[in-house]
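In case you want the letters, here they are:
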Amino acid sequence: MNRPILIAILLCIAWKGFAQVNPGYWQQRIYCQMEVDMDHVRHQYQGTQRLVYQNQSPDTLRELYYHLYPNAFQKGSEMDAWSNRLPDPDSRIVDNLLNLQPEDEGFLHVRSLTMNGLPASFQENRTILEVILPEPIPPGRSAVLDMAFIGQVPIQTRRSGRDNAEGVDYSMCQWYPKICNYDRKGWHANPYVQREFYGVWGDYDVTIHIDTSFILGGSGYLQNPQEVGCGYEDPTRPLVNPTGSRKSWHFLAPNVHDFMWAADRDYTHIRRTMQNGVEAHFLYIRTEENAAAWEALPTYMDSAFLYIDQVFGPYPYRQYSFIQGGDGGMEYAMGTLITGNRGLRSLVGVSVHELMHSWYQMILGTNESLFAWMDEGFTSYASSIVKNHLFPGNSPLFAHQGSYQGYFGLVRSGLEEPLTTHADHFLSNFSYGNSAYSKGAVFLHQLSYIIGQEALDRTLLDYYHKWQFKHPTVEDFIRIAEHQSDQELDWYQEYWVNTTRSIDYGVDTAFLSGDGLHILLRQVGHMPMPVDLAIQQDDQVLRITIPLDIQRGQKTMDKYFTTDRIADDWPWTYDRYELVLPGQWENGEILISIDPTQRMADVNRDNNLYTIQITP
Ligand SMILES: [Zn+2]
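What you are looking at is a predicted structure, and each value in this text was computed from that prediction instead of being measured.

Reading the values: the criteria
Residues numbered from 1 in each chain as written. Predicted model: local features only at pLDDT ≥ 70, side-chain atom pairs only at ≥ 80, totals over all residues. Heavy atoms only, no water. Helix = DSSP H or I, 4+ residues; strand = E, 2+ residues; numbered from the N terminus. Rg over C-alpha atoms; globule rule 2.2 N^0.38 Å. Buried < 20%, exposed > 50% of the residue type's maximum accessible area, 1.4 Å probe, protein only. Contact = heavy atoms within 4.5 Å. Areas by Shrake-Rupley, 256 points an atom, 1.4 Å probe, with all protein chains shown as cover. Lys, Arg positive; Asp, Glu negative; His and termini not counted. Charge placed at Lys NZ, Arg CZ, Asp CG, Glu CD. Salt bridge = Lys/Arg side-chain N within 4 Å of Asp/Glu carboxyl O. Pairing = 2+ DSSP bridges. Axes fitted to C-alpha atoms, helices over the stretch in contact; angles between N-to-C directions. Parallel < 35°, antiparallel > 145°, perpendicular 65-115°, else oblique. Left-handed = near helix turned anticlockwise from the far one by under 90°. Nonpolar A, V, L, I, M, F, W, Y, C, P; charged D, E, K, R; others polar. Expected span 1.5 Å × (residues − 1). Bend = angle between axes of the 7 residues up to and from the residue. Domains from an automatic or database assignment. Buried area = accessible area lost by both parts, 1.4 Å probe. Polar contact = N/O pair within 3.5 Å; in protein donor to acceptor, adjacent residues only side chain to side chain.

Here we look at the overall build of the protein chain
Logical step 1: The secondary structure content of the protein chain amounts to 12 helices and 31 strands.
Logical step 2: On C-alpha atoms alone, the protein chain measures out to a radius of gyration of 27 Å, which is about the 25 Å that the 2.2 N^0.38 rule sets for 616 residues.
Logical step 3: Oriented by its inertia axes, the alpha-carbon framework of the protein chain measures out at about 95 × 60 × 45 Å.
Logical step 4: Within the span of the protein chain, comprising 616 residues, buried residues form 60% of the whole.
Logical step 5: Contacts spanning at least 24 positions in sequence make up 71% of the contacts within the protein chain whose residues lie at least 6 apart.
Logical step 6: A total of about 23900 Å² of accessible surface is found on the protein chain, and carbon and sulfur atoms cover 50% of it.
Logical step 7: Of the side-chain charges in the protein chain, 46 are positive and 74 negative, and the distance between the mean point of each set is 4 Å.

Structure follows, in C-alpha cells:
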C-alpha cells in the first residue's frame, strides 16, 4: 500500500482546480504522518515523522527548514533575549523563562533524518533545523522525509507547555518538527521569538500513545473512538477495551497547516452537534465556579457558527474543539486552547475570537509574520460583529469602537510602526498589539466607509471563497476589494498598511452667498481619503460623498450612508476643497459634519463639525 503516492495524485488533481482561480499562484503541499510516545513522568515524548513533501514551486529545492519551537523555552533563548530588549516585555515570557530549571525547559531535537532513504545532513540552529538535502527536489516532484525526534514539554511559559496556570496537564501546540513554508516570497525560516503562524497545507495523520488516565482533544478527527472512549465513542456500539496501561489516540486532520493536541486527566467532555452540522467538543476542568459558563457555552457557539457561516463563509470542517489549556486564547487547526476559569461573557468572547481565527488564519492562511494584522485584525473585526450579534447592544456600525480607540492611542503614543513590520520585529508589544489587532480591524471597517458596507461584505465572502486553504497576501485581498467595488484601492494599502500617516479632515468654514452654500474643507492629515459629508437643517439631511480622484470611482451603495449627491473628485494633491451647494436655505441652523458614521479613523474629530446660522 502506498498511501502517500495516492494522496499525491489526488492532490495534483485538486491543485489543477484552483490554479485556474488564481492563475500563476502556487503553494507547497505535505502529507505528514507522526507517531508519538508520551512519557508523562518525565514529560518527554519520542516520535517519528514521515513527511511527503511536494514541491509545487517553480524552483529546485536543495535545502529545507523545520521549526523546532520548544527550543525557545530555555533560558537565554532568542525568545528570552528579544523579550528582555522590549520596553514592555510579555511577563508570561520573561518571568517564566528566568526561573526554568533544566527539567522544566522545553527542547525538541531531531535524531535522524533521511530523504528518500538517503541520509540528509542537518544542523540545529536554536529553533530552526537547517537541512541540506542529499539530492535536490526539482519542481513538480515529491520527496519522502523520515525523521525521529525527541522532545521535552516545558513548564508552560507561552502558549504550549505542561501544567498551565489552571492546572491543565498538557497544552501541546508548536510541539513537533514543523516544516517551514516556502512560498512565492521564498523560505520563511523564522526563529520562534513570539509569533509563529505560518505552515504548509497538508493532511496530518497523528497517533499519540499515552497513559490511559489522560483525555485528549485536538486537531483532527479521532479514528478510533470506540477504543479511547472518554465521551468520543458512539454509545450505540460496544467499547473496545485497550490492553495495558496505554491508549493510542489516532487523529486525521485533512487540509490543515498545523496540528495541536491537549491532554488532561480531569477533563469534562461535552459533545454537541451544532445546527450547521459541525460536531463541537468542549473539554474543560470543571469547577463549581466555571461550570455554569462552560455549560452555557455550547448554545452560544451554536448561534455563533450559524451567524458566521452566513456572514463570513461556511466552516469547512466537520469538527471544532474548545479546549481549556494554553495561557489565554490561541487558535489552532480545528480547535482552540483557551483559559477556562472565566465568567460567561469572557468565555464566550475568547471562544468567538479564537473560532473566528478558523477563518482568518486557519482557512485563509496568511503569513502571520508578515501580515499579522490580516490575521488578528480581520479576526477582531469579525469577532466584534459576532459578539454584537450574540449580545445585542449598539448598532453593528459602532461595534468597533474599541479598535478605533486602540488605534488612536497608538497614534498618540508616537510608537506606531507600519503594518508591514515583521510581527516579531516590532519595537514594543504595545505597538505590535495595537497595530495588528486595532489598526488591522480598523482597516476593514474603514474600508466599508470607502467602498460601502455591502461591497465589503461581498469582498470578505469572495476572499473566503477564492483564497481558502491558500496563503493570501494583502495584494490578493485588495484586488478582490477592487473587483467588488469597481474602484482602485492600491492607495489605501499604500497609506494604511505601508506607512504610519494618519487622517485628519476638517471644515474650515462655511457661508451663504448669492450662488448658494459654500463649504470649505481642508485635508490636515497626511493620508488622503474620500469624504462623506452630512448637511443637516432641522430634520432634513443632505448626504454628499466627495470621491478621491485616485479611487477612480466611488461607493455606489452603503447601508450606513445613503449618498444623495456625488460631488466632484478631490484630487489628492490639493489640501483644500470648496463645495458649493446652490439653492435656497431656510433660516436657522445648518450643521455640517464630516463622516457622521465615524468609520474614517480621523485622529482629530474636533474639526469635523461646523455650524452656521442663517438669519433673515
Ligand atoms: Zn487572535
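Brief notes about the pattern of salt bridges
Logical step 1: In total, this model carries 23 salt bridges according to the counting rule given.
Logical step 2: In this structure, the salt-bridge partner of Glu416 is Lys439, at a minimum N-O distance of 2.9 Å. With Glu416 in the loop between α8 (401-413) and α9 (429-451) and Lys439 in helix α9, this pair connects stretches of sequence that are 23 residues apart.
Logical step 3: Asp558 is the salt-bridge partner of Arg599, the closest N and O atoms lying 2.6 Å from each other. Taken together, the residues Arg599 in the loop between β30 (588-594) and β31 (609-614) and Asp558 in the loop between β27 (540-546) and β28 (565-566) connect sequence positions 41 residues apart. When sorted by exposure, Arg599 lands in the same class as Asp558, which is buried.
Logical step 4: Salt bridges linked by common partners bring Asp90, Arg92, Arg158 and Asp327 together as one network.

A look at the pairing of strand β15 (residues 215-218)
Logical step 1: Along β15, one buried face is formed by Ile215 and Gly217 and the opposite face, lined by Leu216 and Gly218, is buried too.
Logical step 2: Bridge count between β15 and strand β18 (residues 261-264): 4 bridges; the pairing is antiparallel. Within β18, the residue paired with Ile215 across the bridge is Asp264.

Examining the packing of α8 against α9
Logical step 1: Here α8 crosses α9 at 130°, and the two axes come no closer than 8 Å. Here α8 lies oblique to α9, going by the angle between them. Classified by chirality, the crossing of α9 by α8 is left-handed. Residue-level inspection shows Ser403, Tyr404, Gly406, Tyr407, Gly409, Leu410 and Ser413 of α8 in contact with α9, the latter providing Phe430, Ser431, Asn434, Ser435, Ser438, Lys439, Ala441, Val442, His445 and Gln446.
Logical step 2: Looking at the contact of α8 with α9 residue by residue, the classes come out as 6 nonpolar, 10 polar and 1 charged.

Considerations on the sheet that holds strand β21 (residues 319-324)
Logical step 1: Strand order in the open sheet made by the 5 strands is β19-β20-β21-β23-β22, with mixed pairing throughout. The two strands at the open ends of the sheet, each matched to only one other strand, are β19 (267-273) and β22 (329-332). Averaged over all pairs of adjacent strands, the angle between strand axes in this sheet comes to 15°, irrespective of strand direction.
Logical step 2: Contacting β19, β20 (279-285), β21 and β23 (335-338), helix α5 (residues 291-312) crosses the sheet at an angle of about 160° to β20.
Logical step 3: Along the sheet face, helix α6 (residues 344-356) touches β21, β22 and β23 and points at about 140° away from the line of β23.

Description of α9
Logical step 1: Relative to the 33 Å expected for 23 residues at 1.5 Å per residue, α9 spans 32 Å between its end C-alpha atoms, a close match to the ideal helical length.
Logical step 2: Maximum bend of α9: about 30°, positioned at Ser435.
Logical step 3: At the exit of α9 stands Gly452, carrying a positive phi of roughly 95°.

A short note on the domain arrangement of the protein chain
Logical step 1: In terms of domain boundaries, the protein chain breaks down into domain 1 (1-200), domain 2 (386-496) and domain 3 (505-614).
Logical step 2: Inter-centroid distance (C-alpha atoms) of domain 1 to domain 2 is 29 Å.
Logical step 3: Contact residues are listed per partner, giving 21 residues for domain 1 and 18 residues for domain 2.
Logical step 4: Between domain 1 and domain 2 the total buried area reaches about 1500 Å² when both faces are included, carbon and sulfur atoms providing 46% of it.
Logical step 5: Considering only the side of domain 1, the residues that lose the most area to domain 2 are Asp88, Arg184 and Arg195, jointly responsible for 34% of the buried surface there.
Logical step 6: One can count 1 salt bridge joining domain 1 with domain 2.
Logical step 7: Arg184 serves as the salt-bridge partner of Asp476, at 3.0 Å between the closest nitrogen and oxygen.
Logical step 8: Linking domain 1 with domain 2 are 16 residue pairs in polar contact (both at pLDDT 80 or more), by the criterion used here.
Logical step 9: Across the side of domain 1 that touches domain 2, the residue classes tally to 10 nonpolar, 6 polar and 5 charged.

Considerations on the side chain of Arg158
Logical step 1: Along the chain, the position of Arg158 falls in the loop between β8 (142-152) and β9 (161-162).
Logical step 2: Overall, Arg158 belongs to the buried group, its relative accessible area being 10%.
Logical step 3: Here Asp327 takes part through its side chain, which lies 2.8 Å from a polar atom of the side chain of Arg158.
Logical step 4: The contacts of Arg158, once residues within four sequence positions are left out, are Phe73, Asp90, Arg92, Ile93 and Asp327.

Description of α5
Logical step 1: Relative to the 32 Å expected for 22 residues at 1.5 Å per residue, α5 spans 31 Å between its end C-alpha atoms, a close match to the ideal helical length.
Logical step 2: Approximately 35° is the largest bend angle found in α5, and it occurs at Leu297, with the proline Pro298 only one to four residues beyond.
Logical step 3: Just past α5, the residue Gly313 takes up positive phi, approximately 110°.

Details of the sheet that holds strand β24 (residues 505-513)
Logical step 1: Overall, antiparallel pairing links the 3 strands, which are arranged β24-β25-β29 in an open sheet. With one partner strand each, in any of the chains shown, β24 and β29 (576-581) form the two edges of the open sheet. If you compare each strand with its neighbour and ignore which way they point, the axes differ by 20° on average.
Logical step 2: Taken together, the 6 bridges between strand β25 (residues 516-523) and β29 define a ladder with antiparallel strand orientation. Looking at the pairing, Ile519 lines up with Leu579 of β29.

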